[in-house]
Amino acid sequence: MLLAEAIQNSVSSVPSLGIRRIVQDGKSVRLDAEVLGESAPCPACQTESFKVHDRYNRRPMDLPWRGRKARMVVTVRRFRCVNRLCRRKTFAQDCGPTLPPLARRTAASDETLLDVARTAGGEGGSRMAGKVGLPVSPDTMLRLLLRAPLPVLPTPRVLGLDELALRRRYSYATPLVDPATHL
């Protein structure tokens, strides 16, 4: 029961997802969830719709629990747009910020993987993430790093110049350095 309470508390901050069942089997945990709400706004025309067209399941990876892989099985409904002038006939429910559209992992697991990638890089980060229950490839770790926004640094007031030989007598470089931050 401790697992169910911990997972329910972590998801309860997001009002759009509700957990129906938690299944533990061996080294993995499966969370059966559904998007709550009886209606959804059309993304094109913002008209509220109650007409359910279909349902489908999404299976994103979530943060591991005590070293066990955690996978969500989220039931998402597709609605018909009731506005006849809208060019969009059907649309899927929005899962909120926890689960971006078309994502294979939750936003929290992406943040954790990005922190691991910043620390350990591609190959090492992939091995480390696999050991804690978030298996991804080294290429995925590098993609997360490349997709992350760069930090905003203040414009330096003074620049220092230096000369550097990359390969003596063949190639040289001139780095620009901020003497205050040494970056």
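Look up a bit, the structure's there.
What you are looking at is a predicted structure, and each value in this text was computed from that prediction instead of being measured.

Calculation criteria
- Residues numbered from 1 in each chain as written.
- Predicted model: local features only at pLDDT ≥ 70, side-chain atom pairs only at ≥ 80, totals over all residues.
- Heavy atoms only, no water.
- Axes fitted to C-alpha atoms, helices over the stretch in contact; angles between N-to-C directions.
- Helix = DSSP H or I, 4+ residues; strand = E, 2+ residues; numbered from the N terminus.
- Parallel < 35°, antiparallel > 145°, perpendicular 65-115°, else oblique.
- Left-handed = near helix turned anticlockwise from the far one by under 90°.
- Contact = heavy atoms within 4.5 Å.
- Nonpolar A, V, L, I, M, F, W, Y, C, P; charged D, E, K, R; others polar.
- Polar contact = N/O pair within 3.5 Å; in protein donor to acceptor, adjacent residues only side chain to side chain.
- Pairing = 2+ DSSP bridges.
- Salt bridge = Lys/Arg side-chain N within 4 Å of Asp/Glu carboxyl O.
- Buried < 20%, exposed > 50% of the residue type's maximum accessible area, 1.4 Å probe, protein only.
- Arc of directions from axis to C-beta.
- Patch = residues over 30% accessible without salt bridge, like charges linked within 9 Å, V, L, I, M, F, W, Y side chains within 5 Å.
- Areas by Shrake-Rupley, 256 points an atom, 1.4 Å probe, with all protein chains shown as cover.
- Lys, Arg positive; Asp, Glu negative; His and termini not counted.
- Charge placed at Lys NZ, Arg CZ, Asp CG, Glu CD.

Asker: What is the right way to read the packing of helix α2 (residues 107–120) against helix α3 (residues 123–132) from this model?
Answerer: For any two helices packed against each other, one specifies the crossing angle of their axes together with the interaxial distance. Interhelical geometry of α2 versus α3 gives an angle of 135° and a closest axis separation of 8 Å. Looking at the two axes, α2 sits oblique to α3. The way α2 lies across α3 gives a crossing that is right-handed. Between α2, through Leu-113, Val-116 and Ala-120, and α3, the contact on the second element is made entirely by Gly-124, Gly-125, Met-128 and Ala-129. Each residue belonging to the contact of α2 with α3 can be placed in one class, and the counts come to 5 nonpolar, 2 polar and no charged.

Asker: Is there a simple way to explain the environment of Arg-20 in this structure?
Answerer: Position of Arg-20 among the secondary structure elements: in strand β1 (residues 17–25). Sequence separation of Arg-20 and Leu-31 is 11 residues, and the distance between their C-alpha atoms is 7.7 Å. A distance of 3.0 Å separates a polar atom in the side chain of Arg-20 from a polar atom in the side chain of Thr-75.

Asker: Could you clarify how one ought to interpret the pairing of β1 in this entry?
Answerer: Every other side chain in a regular strand lies on the same face of the sheet, so the side chains alternate between the two faces. Pairing between β1 and strand β2 (residues 28–35): 8 bridges, direction antiparallel. Counterpart to Val-23 in the pairing with β2 is Arg-30.

Asker: I'm lost on the pairing of strand β7 (residues 68–80) in this one. Help?
Answerer: Bridging between β2 and β7 involves 7 bridges; their strand directions are parallel. By the bridge assignment, Ala-33 is partnered in β7 with Val-74. Across 6 bridges, the pairing between strand β5 (residues 52–58) and β7 is antiparallel. Within β7, the position partnered with Asn-57 by the bridge is Thr-75. Bridge count for strand β6 (residues 61–65) against β7 is 3 bridges, and the pairing is antiparallel. Opposite Asp-62, over in β7, you have Ala-70 as the bridge partner. Where β6 hands over to β7, the hairpin turn is made up of 2 residues, of which Arg-66 adopts a positive phi near 55°. Relative to strand β8 (residues 90–92), β7 runs antiparallel, the two being bridged by 3 bridges.

Asker: Any chance you could explain the pattern of salt bridges here in plain terms?
Answerer: Opposite charge on two side chains makes pairing possible when the charged atoms of those side chains draw close. Evaluation of the coordinates by the stated rule reveals 4 salt bridges. A salt bridge links Asp-32 to Arg-21, with the shortest nitrogen-to-oxygen separation between them at 2.8 Å. Of the two residues, Asp-32 is situated in strand β2 and Arg-21 in strand β1; the sequence distance between them amounts to 11 residues. Note that Asp-32 is salt-bridged to Arg-30, the shortest N-O span being 3.0 Å. In this structure Asp-32 comes out as buried when scored by relative accessible area, which is 7%.

Asker: Quick question: what am I supposed to make of unusual backbone geometry here?
Answerer: Despite not being glycine, Gln-46 has its phi angle at roughly 65°, a positive value. Relative to the helices and strands, Gln-46 is located in the loop between β3 (40–41) and β4 (48–49). Classification of Gln-46 by relative accessible area gives exposed; the value is 55%.

Asker: Is there a simple way to explain helix α4 (residues 138–147) in this structure?
Answerer: For α4, every residue scored as buried is listed here: Thr-140, Met-141 and Leu-144. Along the axis of α4, the buried positions cluster into a sector of 105°, meaning they face one direction only. For α4, the exposed residues lying more than 90 degrees away from the buried face are Asp-139 and Leu-146. Buried residues along α4 sit against α2 and α3.

Asker: Looking at this structure, I do not really get a positive patch on the surface. What am I missing?
Answerer: A cluster of basic residues, Arg-59, Lys-69, Arg-71 and Arg-104, forms a positive patch at the surface. With respect to the helices and strands, the residue Lys-69 is situated in strand β7. Exposure remark for Lys-69: the relative accessible area of 42% places this residue in the partly exposed category.

Note that every value here comes from positions in space, so none of it alone points to a role or purpose.
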